[in-house]
Amino acid sequence: MCALSHYIERGSEGRVATTGISLIRKHPEGMKPPRSLWVPFPLGRPLGAPDQPEFQRNVLLSALRLLESATATTIADYPHDAPISGDDPWACAIMITPPEPANETEALRGQLIEEVRQLEPWHNESRKRRGRTTVGISGASLEQVESLAALLADFATGAESSDGEIDWNHPMPMRLKFASDDLRAFYHEAATAQPDASYPTDADLNDWLFNQTLLGTVLRQIVGRMRESDDRRLSGMVLGMIPAGFARAR
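What counts as what
- Residues numbered from 1 in each chain as written.
- Predicted model: local features only at pLDDT ≥ 70, side-chain atom pairs only at ≥ 80, totals over all residues.
- Heavy atoms only, no water.
- Axes fitted to C-alpha atoms, helices over the stretch in contact; angles between N-to-C directions.
- Helix = DSSP H or I, 4+ residues; strand = E, 2+ residues; numbered from the N terminus.
- Left-handed = near helix turned anticlockwise from the far one by under 90°.
- Contact = heavy atoms within 4.5 Å.
- Nonpolar A, V, L, I, M, F, W, Y, C, P; charged D, E, K, R; others polar.
- Core = buried A, V, L, I, M, F, W, Y, C linked by side-chain atoms within 4.5 Å.
- Buried < 20%, exposed > 50% of the residue type's maximum accessible area, 1.4 Å probe, protein only.
- Polar contact = N/O pair within 3.5 Å; in protein donor to acceptor, adjacent residues only side chain to side chain.
- Expected span 1.5 Å × (residues − 1).
- Pairing = 2+ DSSP bridges.
- Patch = residues over 30% accessible without salt bridge, like charges linked within 9 Å, V, L, I, M, F, W, Y side chains within 5 Å.
- Areas by Shrake-Rupley, 256 points an atom, 1.4 Å probe, with all protein chains shown as cover.
- Salt bridge = Lys/Arg side-chain N within 4 Å of Asp/Glu carboxyl O.
- Right-handed = clockwise from strand over helix to strand, strands pointing away.

A.B. asks: Just checking my understanding: could you explain the packing of helix α4 (residues 107-130) against helix α6 (residues 174-191) for this structure?
C.D. replies: Geometry of a packed helix pair, given as the angle between the helix axes and the separation of the axes. Interhelical geometry of α4 versus α6 gives an angle of 60 degrees and a closest axis separation of 7 Å. Like other packed secondary-structure pairs, α4 and α6 cross with a definite hand, here left-handed. Counting all contacts with α4, which are made through Leu112, Glu115, Val116, Leu119, Glu120, Trp122, His123, Ser126 and Arg130, the residues of α6 involved are Leu183, Phe186, Tyr187, Glu189 and Ala190. The class makeup of the residues in the contact of α4 with α6 is 8 nonpolar, 2 polar and 4 charged.

This is the structure in structure tokens:
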């Protein structure tokens, strides 16, 4: 959308004005379109929550109002979070018992692997009900999910990590991104395994994962290391590792 805005306005020699909505703020910051409204919503939902026409209309009007007020490159922040769908707030029914650290060096790795093990029965139940899983984009199989946890924990602490026996689909450092995607999918599928529980929104799942699990803590640590890295490949991967609003510890 940012590139299209430039193309349309330059091609029309200023006769056509454009405005847009961005889900990732660094995109308009880097491409500098004429006008852009940044919204703090999950990827894939630029207008917020479904079945909320008044809220969606307000988002659209906020973007269109930039045509009235913005004469230079402008990035405006939408000030509201998306409303929660449904009447009852979702809460994950799975109780994760905090594991005891083995030792200072291997504490985080062991704890994260133990958290994964506690979720495995629920993920098995989820896969049985759905007949599928979205885990696997990294190259790891379901039997190798613990190796994904080890990879992320080791990077978060700066420890040397073994590749194990995984036939990775991606080299480092992109491997971190896809390992993160696989583990997040594993956690989300496990959390929604109970058939009688209300189904969570994206915001519900992200709040649970990033604020109530050790994986969320590990991912925030990884993003912190990436931001401080001199390796442009790592610093450029921060986008997409964690949804907007969850990068900082709470």
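That was the structure; now back to the text.
A.B. asks: Would you take a moment to explain the nonpolar core for this structure?
C.D. replies: One broad trend across soluble globular proteins is that nonpolar side chains are buried collectively. Of all hydrophobic cores here, the largest spans 45 residues; its most connected members are Leu152, Leu183, Tyr187, Leu219, Ile222 and Met226. When residues of this core are assigned to their parent elements, the largest contribution, 9 residues, is made by helix α5 (residues 145-157). With sequence-adjacent residues up to four places away left out, Ile222 is seen in contact with Leu152, Phe155, Ala156 and Met241. Membership of the second largest hydrophobic core comes to 9 residues, among which are Leu23, Leu37, Val39 and Tyr78.

A.B. asks: I tried to follow the side chain of His123 on my own but got confused; where do I start?
C.D. replies: If you trace the backbone, His123 turns up in helix α4. At a separation of 3.5 Å, a polar atom in the side chain of His123 contacts the side chain of Thr133. Sequence-distant contacts of His123, that is, excluding residues within four places in its chain, are made with Thr133, Val135, Leu142, Phe186, Glu189 and Ala190.

A.B. asks: Explain helix α8 (residues 214-228) here, please?
C.D. replies: An α-helical segment advances 3.6 residues per turn. Residues three or four places apart therefore align on the same side. Taking 1.5 Å of rise per residue, 15 residues should cover 21 Å, and α8 covers 22 Å from first to last C-alpha, within 8% of that figure. Looking at the buried positions of α8, the neighbouring elements they touch are α4, α5, α6, α7 (202-212) and α9 (232-235).

A.B. asks: Would you mind showing me how to read the sheet that holds strand β1 (residues 21-22) here?
C.D. replies: As a general point, the strands of a sheet are linked pairwise by backbone hydrogen bonds and lie either parallel or antiparallel. In space, the 3 strands of this open sheet follow the order β1-β2-β3, with parallel pairing throughout. Both edges of this open sheet fall to β1 and β3 (74-77), since each of them pairs with a single strand only. In this structure, strand β2 (residues 35-38) lies alongside β3, joined through 4 bridges in parallel fashion. Across the sheet, Arg35 pairs through a bridge with Thr74, a residue of β3. Sheet strands touched by helix α3 (residues 53-69): β1, β2 and β3. Its angle to β2, the strand with the most contacts, is close to 155 degrees.

A.B. asks: Would you take a moment to explain a nonpolar patch on the surface for this structure?
C.D. replies: Residues Met1, Leu4, Tyr7, Ile8 and Val16 make up a contiguous nonpolar surface patch of about 550 Å² in total accessible area. As for its position among the elements, Val16 is in the loop between α1 (2-11) and β1. Overall, Val16 belongs to the partly exposed group, its relative accessible area being 38%.

A.B. asks: Help me understand the pattern of salt bridges in this model?
C.D. replies: Think of it this way: side chains of opposite charge can pair up when their charged atoms draw near. Counted by the stated rule, this structure contains 8 salt bridges. Salt-bridge contacts for Arg109 lead to Asp154; the nearest nitrogen and oxygen are separated by 2.4 Å. Here Arg109 is found in helix α4, whereas its partner Asp154 is found in helix α5, with 45 residues between them in sequence. Overall, Arg109 belongs to the partly exposed group, its relative accessible area being 28%. Looking at Asp154, the relative accessible area reads 5%, which means it is buried. Across the salt bridge formed by Asp181 and Lys177, the nearest N and O atoms sit 2.6 Å from each other. Here the residue Asp181 and the residue Lys177 both occupy positions in helix α6, the gap between them amounting to 4 residues, near one helical turn. Exposure remark for Asp181: the relative accessible area of 22% places this residue in the partly exposed category. With a relative accessible area of 18%, Lys177 lands in the buried category.

A.B. asks: Any chance you could explain the environment of Val59 here in plain terms?
C.D. replies: Relative to the elements of secondary structure, Val59 occurs in helix α3. Judged by relative accessible area, Val59 falls into the buried class, the value being 0%. Once the C-alpha coordinates of Val59 and Ala82 are considered, the two residues, 23 residues apart in sequence, prove to be 9.9 Å apart. Those residues in contact with Val59 that sit more than four places away from it in its chain are Ile21, Leu37, Val39, Phe41, Pro46, Leu47 and Tyr78.

A.B. asks: Just checking my understanding: could you explain the pairing of β2 for this structure?
C.D. replies: Every regular strand shows the same layout, with side chains that alternate between the two sheet faces. Going residue by residue along β2, you find Arg35 and Leu37 tucked away on one face and Ser36 and Trp38 tucked away on the opposite face as well. With 2 bridges joining them, β1 and β2 adopt parallel strand pairing. Of the residues in β2, the one forming a bridge with Ile21 is Leu37. Following the chain from β1 across helix α2 (residues 26-31) to the adjacent parallel β2, one finds a crossover that is right-handed.

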